[in-house]
2 protein chains.
Amino acid sequence: MNEQTALKPYVIGLDLGGTNSVFGIVDSRGEIKATTAIKTQGYGKVEDYVDACVTALQVIIEQVGGIDKIKAMGIGAPNGNYYNGTIEFAPNLEWAHNGVVPLAKLFSDRLGIPVALTNDANAAAIGEMIYGVARGMKNFIMITLGTGVGSGIVINGQMVYGSDGFAGELGHVIVRRDGRTCGCGRKGCLECYCSATGVARTARELLETTERPSLLRELKPEEITSLDVSIAAGKGDELANEIYQFTGHLLGEACADFAAFCSPEAFIFFGGMTKAGDLIMNPIKEADEENVLKIYKGKAKFLVSGLDGASAAVLGASAVGWEL
Amino acid sequence: MNEQTALKPYVIGLDLGGTNSVFGIVDSRGEIKATTAIKTQGYGKVEDYVDACVTALQVIIEQVGGIDKIKAMGIGAPNGNYYNGTIEFAPNLEWAHNGVVPLAKLFSDRLGIPVALTNDANAAAIGEMIYGVARGMKNFIMITLGTGVGSGIVINGQMVYGSDGFAGELGHVIVRRDGRTCGCGRKGCLECYCSATGVARTARELLETTERPSLLRELKPEEITSLDVSIAAGKGDELANEIYQFTGHLLGEACADFAAFCSPEAFIFFGGMTKAGDLIMNPIKEADEENVLKIYKGKAKFLVSGLDGASAAVLGASAVGWEL
């Protein structure tokens, strides 16, 4: 711990989600010293949202000894742009769905500390590098398997932001030409198949287009989630197992292609779907092994995030603050 | 020019190809002061090859004032590994097809100067960054369209070597699942379609499977090259034009996916096939525009290398030396 860290031993992390905004005050070892949360929605203007955040924050800032103990703040947010500290056209945020919101500056002006912002998957990657299984790694790819598929890419020990701050959208690499329609308006994106939503979609497709028996037939098709598929697979349901086999296979094929880009030391998977464990990880590894170029074979590790799911997003966000 | 550059104003560049090894002594502005070449083949052992190189080099080293004027040497070579300074299992080099050859060290020991080595596409990218159209760019992707398809990726102003020194093999990203068989043993790689060899293969396929008229029918199918296709297209041959349309379209689709990785400022194309000009560049741009994720649309430039073809490979190799 250097001198500055001794004087200002904490950073604030904000995991800004579509529903909740979760704050943590974190020390350099990744211990969350204080935490609070507010709803993300219900504010017409971003200024009102920031006001509500600061009010909630003041309580936990006092708990750790006041703002003087805090070095910086890091924010992980959908459609976050690191270079500009902005959230840009985020479809699920009422106060940012239709423009460019300078959120880092708004917080910095109110709190009087430096504030950095990046997208949630990048925050997860930085968190993993500082606190998780990527400690010591200089080259890895983080893939977040949630409602969507996100990614954060680290090369030469640095986060890849690209020329515009929006690099690392591997969920929108096209894995099936003219495949499923994606939320982004294009067809066949990795996200359409390998997100939690994609897994549920695969389940519905298989139930509709075949007569095969499955525990999933006991549920209303439109209510099936990836968790249901995981539970059914755990009970030995053949169709559910095949869904994870299919999903993992597509992810593994995609990883084989990603290796040709930056030959990472590891692919690290994060998010609810990783709870399926070997059910998803084994087909990923198998498909990578079958598809990867010979010079990369057997080199990359396939890991599940080392961060506790509940606090990982806040830790990741705080990690962006440590980089300042 | 700093003091060290004033004392040692030159680097040696070696463009090590399957047929010829071309040397240039280059100054910091990219001017080639002296040049020589030997055949790459005809040496059973790498030591004999290095002996022959050094003998040829001594003549041009004297021309520029002796070895004291030379800062370093850079080598661009197939299957070159930057981290280790080695050539590894290069199928077309008799003295390196079956093992790992420490070529950088062999040259460094003989010449008494630092020597760096990387693969030819990476050398081209570094050359472009120092002397060509990528001057001032921090994020770009170089795609070399030759007998094969190679790539060199620059992120945050640094060459991407990955965890093992072999990053950037975008010619082996799979663009058509279960597509054409590739030299690498897999199927559907970008290289099978968009290299000069791939273009000739597309021509043969179209001539065989259709009855369509074409100037290309005047040639023996097995002797058709991408240059023939380019010449026929230039004469208005419809089939030949369609071949370039198809090739460029696949490249553009691939670039759209590559953008999701590192959102580059530019894609820079290098190699014989770029002589086809708009014939290849227009369909690349069109397909990228049609396929790229909305946030990247209209951002990346599509450029042709700014380096003179004859000297580009030597300049690129020398540029690797300047990085030392």
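These numbers come from a predicted model, not from an experiment. All residue numbers here refer to positions counted from 1 along the written sequence of the relevant chain. Chain A is the first chain written and ligand 1 is the first ligand written, with later ones labelled in order. Local features in this predicted model are restricted to residues of pLDDT 70 or higher, and side-chain atom pairs are both shown and tallied only at a pLDDT of 80 or more, whereas totals for entire chains, interfaces and linings draw on every residue. Remark: hydrogens and water are excluded; side-chain values derive from all non-hydrogen atoms of the structure.

Draft legend 1. Structural detail: the interface of chain B and chain A. Here, two residues are considered to be in contact whenever any of their heavy atoms come within 4.5 Å of each other. Taken residue by residue, the interface counts 39 residues in chain B and 39 residues in chain A. Two parts placed together each lose some accessible area under a 1.4 Å probe, and the buried area is that loss summed for both. Among the residues of chain B in contact with chain A, B:Arg177, B:Asp257 and B:Phe261 are the three that bury the most area, contributing 22% of the side total. The salt bridge criterion pairs a side-chain nitrogen of Lys or Arg with a carboxyl oxygen of Asp or Glu, the two atoms within 4 Å. As a salt-bridge pair, B:Arg177 and A:Asp257 come within 3.8 Å of each other at their nearest N and O atoms. Pairs of N or O atoms are called polar contacts if they sit within 3.5 Å, as long as, within protein, a hydrogen donor faces a hydrogen acceptor (for residues adjacent in sequence, only side-chain-to-side-chain pairs). The tally of links between chain B and chain A comes to 24 residue pairs in polar contact (both at pLDDT 80 or more). Note on conventions: DSSP H or I runs of at least 4 residues are helices, E runs of at least 2 residues are strands, and numbering of each starts at the N terminus. Looking at the side of chain B that touches chain A, the elements with two or more residues in it are strand E10 (149–155), strand E11 (158–159) and helix H8 (238–262) of chain B. Ranked by residues supplied to the side of chain B that touches chain A, first place goes to H8(B) with six residues. Charged means Asp, Glu, Lys or Arg here, nonpolar means Ala, Val, Leu, Ile, Met, Phe, Trp, Tyr, Cys or Pro, and polar covers whatever is left, Gly included. When grouped by side-chain class, the residues that make up the side of chain B that touches chain A number 21 nonpolar, nine polar and nine charged.

Draft legend 2. Just the packing of aromatic side chains, in detail. Between 30 and 60 degrees the pair is tilted, below 30 it is stacked and above 60 it is edge-to-face, where a pair is any two Phe, Tyr or Trp rings, Trp via its six-membered ring, whose centres lie within 6.5 Å. Within the structure shown, the criterion is met by 19 aromatic pairs over all chains. Here the aromatic rings of A:Phe269 and A:Phe302 are separated by 6.5 Å at their centres, their planes lie at 15°, and the arrangement is stacked. Of the two residues, A:Phe269 sits in strand E12 (residues 266–270) while A:Phe302 sits in strand E13 (residues 301–304), which places them 33 residues apart along the sequence. As far as the burial class goes, A:Phe269 and A:Phe302 line up, both buried. Ring geometry for B:Tyr43 and B:Tyr49: centres 5.9 Å apart, planes at 65°, overall edge-to-face. The same class applies to B:Tyr43 and to B:Tyr49, which are both buried. Among the aromatic residues, ring-to-ring pairing joins A:Phe258, A:Phe261, B:Phe258 and B:Phe261 into one connected group. Burial here depends on accessible area, computed with a 1.4 Å probe over protein chains only, as a share of the maximum for the residue type. Under 20% is buried, over 50% is exposed, and the range in between is partly exposed.

Draft legend 3. Quick peek at empty space enclosed by the protein. Lining residues are defined by having an atom within 4 Å of a point belonging to a cavity or pocket. Those points lie on a 1 Å grid over the protein atoms alone, cavities being sets where a 1.4 Å probe fits but cannot get out and pockets being open sets with protein on both sides within 12 Å along at least five of seven lines. Grid points are joined across faces, edges and corners, and a volume is the space filled by probe spheres set on the points. Scanning the entire structure with this criterion turns up two cavities of 30 Å³ or more. Space inside the largest cavity adds up to approximately 60 Å³. What lines the largest cavity is simply B:Ala259, B:Ser263, B:Pro264, B:Phe267, B:Asp288, B:Val292, B:Tyr296, B:Lys299 and B:Ala300. When grouped by side-chain class, the residues that make up the lining of the largest cavity number six nonpolar, one polar and two charged. Taken as a whole, the second largest cavity holds about 50 Å³ of empty space. A:Ala259, A:Ser263, A:Pro264, A:Phe267, A:Asp288, A:Val292, A:Tyr296, A:Lys299 and A:Ala300 are the residues that line the second largest cavity.

Draft legend 4. Fine view of the environment of A:Thr247. Residues and elements named next belong to chain A. Along the chain, Thr247 turns up in helix H8 (residues 238–262). A relative accessible area of 0% places Thr247 in the buried class. The sequence separation of Thr247 and Ala72 amounts to 175 residues, and the corresponding C-alpha distance is 39 Å. Setting aside residues no more than four positions away along its own chain, Thr247 makes contact with Tyr193, Cys194, Val199, Met273 and Ile280.

Draft legend 5. The sheet that holds E12(A), seen in detail. Residue and element names in this part refer to chain A. Here, a strand pair is defined by DSSP locating no fewer than two bridges between the strands. Strand order in this open sheet of five strands is E11-E10-E9-E12-E13, and the pairing throughout is mixed. Two strands bound the open sheet, and with one partner strand each, they are strand E11 (158–159) and E13. Pairing analysis gives two bridges linking strand E10 (residues 149–155) to E11, with the strands arranged antiparallel. If you follow Ile155 over to E11, its bridge partner there is Gln158.

Draft legend 6. Inspection of the packing of helix H6 (residues 196–209) of chain A against H8(A) at higher detail. All names here are of chain A. To define axes, lines are fitted to C-alpha atoms, for helices over the stretch in contact only, and angles between the resulting N-to-C directions are given on a 0 to 180 degree scale. Packing of H6 against H8 brings their axes to within 10 Å, and their N-to-C directions diverge by 130°. Here H6 is positioned oblique relative to H8, judged by the angle of their axes. Crossing geometry of H6 relative to H8 is assigned as right-handed. Packed against H6, whose contacting residues are Val199, Thr202, Ala203, Leu206 and Leu207, the element H8 presents Leu239, Glu242, Ile243, Tyr244, Phe246 and Thr247 at the interface. Classifying every residue of the contact of H6 with H8 gives eight nonpolar, two polar and one charged. The cut-offs work like this: below 35 degrees is roughly parallel, past 145 is roughly antiparallel, 65 to 115 is roughly perpendicular, and the gaps in between are oblique. Put simply, a crossing is left-handed when the front helix is turned counterclockwise from the back one by less than a right angle, and right-handed when it is turned clockwise.

Draft legend 7. Representation of the relation of the copies chain B and chain A. Placing chain B over chain A gives an RMSD of 0.0 Å and needs a rotation angle of 180°, together with 0.0 Å of translation along the axis. Accordingly, the operation relating the two chain copies is best matched by a two-fold axis. The overlap is high: 100% of the interface residues of chain B also sit at the interface in chain A, so the same surface is used on both sides. The fit set for superposing copies consists of C-alpha atoms from residues with pLDDT of at least 70 in both; the fit itself is least squares.

Draft legend 8. The arrangement of the nonpolar core in detail. By size, the foremost hydrophobic cluster in this structure holds 107 residues, and its most contacted members are A:Phe258, A:Phe269, B:Phe258 and B:Phe269. Those residues in contact with B:Phe269 that sit more than four places away from it in its chain are B:Ile143, B:Leu145, B:Leu251, B:Cys255, B:Thr274, B:Met281, B:Ile284, B:Phe302, B:Leu303, B:Val304 and B:Ser305. Among the nonpolar cores identified, the runner-up in size contains 37 residues, and B:Leu57, B:Ile60, B:Trp95 and B:Val101 belong to it. Side-chain atoms within 4.5 Å link the members of a nonpolar core, which is a set of buried Ala, Val, Leu, Ile, Met, Phe, Trp, Tyr and Cys residues.

Draft legend 9. The arrangement of the sheet that holds strand E7 (residues 100–101) of chain A in detail. Residue and element names in this part refer to chain A. Pairing within the open sheet is antiparallel, and its three strands lie in the order E5-E6-E7. Whereas interior strands pair on both sides, the edge strands pair on one side only; in this sheet they are strand E5 (80–81) and E7. Note that strand E6 (residues 86–88) and E7 share two bridges and pair antiparallel. Note that in E7 the partner of Ile87 across the bridge is Val101.

Draft legend 10. Structural context of the pattern of salt bridges. Applying the stated criterion to the full structure yields 24 salt bridges over all chains. Among the ionic pairs, A:Arg212 bridges to A:Glu238, the shortest N-O distance being 3.7 Å. Of this pair, A:Arg212 sits in the loop between H6 and helix H7 (226–234) while A:Glu238 sits in helix H8, placing them 26 residues apart in sequence. In this structure A:Arg212 comes out as partly exposed when scored by relative accessible area, which is 24%. One salt-bridge network, in which partners are shared between bridges, spans A:Arg176, A:Glu253, A:Asp257 and B:Arg177.

Draft legend 11. Representation of the pairing of strand E3 (residues 32–39) of chain B within the structure. Residue and element names in this part refer to chain B. Two strands pair when backbone bridges link them, and strand E2 (residues 20–27) and E3 are joined in this way by seven bridges, in the antiparallel orientation. Bridge pairing in E3 links Val26 to Ile32. Joining the antiparallel neighbours E2 and E3 is a turn of four residues, in which Gly30 adopts a positive phi near 85°.

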